[in-house]
Amino acid sequence: MKLKAIAAGASALALTACLMGAAGCSGSADAKDLQGVWSVEGSNPTVTVVFTADKWKLATGLTYDYTIDAKGKVISYSVDGMSGSSTYEFSEDRKTLTLTEDAGNGETKKTVFDKVSGDTQAEPTVGGDSAE
């Protein structure tokens, strides 16, 4: 009986973690798929950004800390006391990412990214040249 109670408690904890988007559950697929190198669609020269498990590295040299809310489809980011957030959407094949953010005056700005690789150790680039 005690073993059943422990197993039930563990199952409830795992379900709660899944609902909150923790690793190892289908809700964390977004967090996993986000990681890697993404090319800014339409950029010329080509600009890439890199998402690690908790960092968003831009070609400008800025690195944001970020969190992802898979249930709400929101990425929240911050750097040097500044913060913001964007809603996100993956294409069906998960190779295209669209971020939508408030551009002010009731307008929104969409940025579309195409997946280049899953390499989280890469550095962002502009025209193939590293920002560092």
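Now for a look at the structure at hand. (Residues numbered from 1 in each chain as written. Predicted model: local features only at pLDDT ≥ 70, side-chain atom pairs only at ≥ 80, totals over all residues. Heavy atoms only, no water.)

1. Regarding the overall build of the protein
(1) Moving on: Along the backbone of the protein there are 2 helices and 10 strands.
(2) Moving on: Here the protein, with 132 residues, has 27% of them falling under the buried criterion.
(3) Moving on: Counting contacts in the protein only where the partners sit at least 6 residues apart, residues at least 24 apart contribute 41% of the total.
(4) Moving on: Accessible area of the protein: about 8300 Å², with a carbon and sulfur share of 55%. (Helix = DSSP H or I, 4+ residues; strand = E, 2+ residues; numbered from the N terminus. Buried < 20%, exposed > 50% of the residue type's maximum accessible area, 1.4 Å probe, protein only. Contact = heavy atoms within 4.5 Å. Areas by Shrake-Rupley, 256 points an atom, 1.4 Å probe, with all protein chains shown as cover.)

2. Looking at the sheet that holds strand β3 (residues 55-57)
(1) Moving on: Read around the closed barrel, 8 strands run β1-β2-β3-β4-β5-β6-β7-β8, paired in antiparallel fashion. Neighbouring strand axes in the sheet, compared pairwise and without regard to direction, differ in orientation by 35° on average. (Pairing = 2+ DSSP bridges. Axes fitted to C-alpha atoms, helices over the stretch in contact; angles between N-to-C directions.)

3. Some points on the layout of surface pockets
(1) Moving on: Size it by volume and the largest pocket reaches roughly 220 Å³.
(2) Moving on: Elements that contribute at least two residues to the lining of the largest pocket include exactly β7 (96-104) and β8 (107-117).
(3) Moving on: When residues of the lining of the largest pocket are assigned to their parent elements, the largest contribution, 3 residues, is made by β8.
(4) Moving on: Broken down by class, the residue content of the lining of the largest pocket amounts to 8 nonpolar, 2 polar and 2 charged. (1 Å grid on protein atoms, 1.4 Å probe; cavity = no way out; pocket = protein on both sides within 12 Å on 5 of 7 lines; lining within 4 Å. Points joined across faces, edges and corners; volume = space filled by probe spheres on them. Nonpolar A, V, L, I, M, F, W, Y, C, P; charged D, E, K, R; others polar.)

4. Some remarks on the nonpolar core
(1) Moving on: Of all hydrophobic cores here, the largest spans 18 residues; its most connected members are F51, W56 and L97.
(2) Moving on: Elements with a contribution of two residues or more to this core: β1 (36-40), β2 (48-51), β4 (63-69), β5 (74-79), β6 (82-90) and β7.
(3) Moving on: If you tally residues by element for this core, the top one is β5, at 3 residues.
(4) Moving on: Leaving out residues up to four positions away in the same chain, W56 has contacts with V49, V50, F51, L62, T63, Y64, Y66, Y77 and L99. (Core = buried A, V, L, I, M, F, W, Y, C linked by side-chain atoms within 4.5 Å.)

5. Examining the packing of aromatic side chains
Each aromatic ring pair is described using two quantities: the centre-to-centre distance and the angle formed by the ring planes.
(1) Moving on: Per the counting criterion, the structure on display carries 7 aromatic pairs.
(2) Moving on: On the numbers, 5.0 Å between centres and 20° between planes, the contact of F51 with W56 is stacked. Each member of the pair, F51 as well as W56, carries the same accessibility label: buried.
(3) Moving on: Where F51 meets Y66, the ring centres are 5.4 Å apart and the plane angle is 85°; that geometry is what we call edge-to-face. A residue pair is termed long-range when its members are at least 10 positions apart, and F51 in strand β2 and Y66 in strand β4 qualify at 15 residues. The pair F51 / Y66 is uniform in exposure class, with both members buried.
(4) Moving on: Grouped by ring-pair contacts, the aromatic residues F51, W56, Y64, Y66 and Y77 constitute a single cluster.
(5) Moving on: For the cation-ring pair, R94 lies above F90, with the distance from its terminal atom to the ring centre recorded as 4.4 Å. (Phe/Tyr/Trp six-rings, centres within 6.5 Å; stacked < 30°, edge-to-face > 60°. Lys NZ or Arg CZ within 6 Å of the ring centre and 35° of its normal.)

6. Regarding the side chain of T125
(1) Moving on: Mapped onto the fold, T125 is located in strand β9 (residues 125-126).
(2) Moving on: The buried category is assigned to T125, whose relative accessible area is 17%.
(3) Moving on: With residues near it in sequence (within four places) discarded, T125 still touches T46, V47, T48, A59 and S130.

7. As for the pairing of β5
(1) Moving on: By the alternation rule, side chains of β5 split into I75, Y77 and V79, which are all buried, and V74, S76 and S78, of which none is buried.
(2) Moving on: Strand direction decides the pairing type here: β4 and β5, joined by 5 bridges, are antiparallel. Following the sheet pairing, I68 is matched in β5 by I75.
(3) Moving on: Following β4, the chain reverses through 4 residues before pairing antiparallel with β5; K73 in that reversal takes a positive phi of roughly 55°.

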